[in-house]
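Coordinate inspection notes
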Amino acid sequence: MRLSNLADYAVITMQAAASHCGGIRTSAGELSDETGLPRPTVQKLVSKLTAAGLLRSVRGAHGGLQLARPAAAITVADIVEAVEGPIALTTCVDHAACDFEDGCTMKPHWPIINAALRGALADISLDQLRAPTPPLSPPAIEEHAA
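Counting restarts for each chain, with residues numbered from 1 along the sequence as it is written. Per-residue local features of the predicted model are confined to residues with pLDDT of at least 70, and side-chain atom pairs are confined, for both listing and counting, to 80 or more; whole-chain, interface and lining totals are unaffected and use all residues. Calculated side-chain values reflect all of the structure's heavy atoms, with hydrogen atoms and water omitted.

Moving on to a nonpolar patch on the surface. Any residue with relative accessible area above 30% and no salt bridge may belong to a patch, with like charges joined within 9 Å and the nonpolar Val, Leu, Ile, Met, Phe, Trp and Tyr side chains within 5 Å. With residues, only the protein chains shown are counted as cover, and all accessible areas are computed by Shrake-Rupley using a 1.4 Å probe. The salt bridge definition used is simple: a Lys or Arg side-chain nitrogen within 4 Å of an Asp or Glu carboxyl oxygen. Together, Leu-89, Met-106 and Ile-113 line one region of the surface with nonpolar side chains, adding up to about 210 Å² of accessible area. Mapped onto the fold, Met-106 is located in the loop between α4 (76-84) and α5 (110-122). The numbering of helices and of strands both runs from the N terminus, where a helix is a DSSP run of H or I of at least 4 residues and a strand a run of E of at least 2.

This is how it looks when you write it as structure tokens:
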């Protein structure tokens, strides 16, 4: 499974917006400049993220964009769902018609799998994405006696 470019760019855009915390407002143009993402793409994302309640647009002379709630209260799942809709690996979970539905033994299991995937993304806050990450450690290799 791979996120769409738009979902990836939404996370990058929100990470940049989070760097303007503390009441400091920014603009789609500034976010574009900071991230290197094309301005029209950032403007499209800002619209979706604002509609989802993740960003807030303030009008006026001192207006601009800011996070709608603290970075610790916004998750990667929130951001992905703002752009992609509900997190689901298959369409049958959304009650879409399927040619194999009558004999499908997996359909009852997909909601569990989807909930686990969403839960993993919901466990990562925007605040955590702002912090430097420790290097990934390689998986433990077990030595087997010959």
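Anyway, onward from the coordinates.
Moving on to the nonpolar core. One finds Met-14, Leu-49, Leu-67, Ile-79 and Leu-126 to be the most contacted residues of the largest nonpolar core, which totals 28 residues. Those elements that place two or more of their residues in this core are α1 (5-18), α2 (28-35), α3 (39-51), β2 (64-67) and α4. Side-chain atoms within 4.5 Å link the members of a nonpolar core, which is a set of buried Ala, Val, Leu, Ile, Met, Phe, Trp, Tyr and Cys residues. When a residue's accessible area, from a 1.4 Å probe over protein chains only, is under 20% of the maximum for its type it is buried; when over 50% it is exposed; and in between it is partly exposed.

A separate point is the side chain of His-20. Looking at where His-20 falls in the secondary structure, it is placed in the loop between α1 and α2. A polar contact is formed between the side chain of His-20 and the side chain of Glu-34, at a distance of 2.8 Å. Whether two residues are in contact is decided by their heavy atoms, any of which lying within 4.5 Å being enough. In contact with His-20, other than residues within four places in its own chain, are Thr-26, Leu-31 and Glu-34. N or O atoms within 3.5 Å of each other form a polar contact, as long as, within protein, one can give a hydrogen and the other can take it, and as long as residues adjacent in sequence are counted only when both atoms are side-chain atoms.

This part covers the environment of Glu-84. The topology assignment puts Glu-84 in helix α4. Glu-84 sits 36 residues away from Lys-48 along the chain, and the two C-alpha atoms are 9.9 Å apart. Every residue in contact with Glu-84, bar those within four places of it in the chain, is listed here: Ser-4 and Ala-7.

Fair warning: the whole summary comes from geometry, so function is off the table for now.
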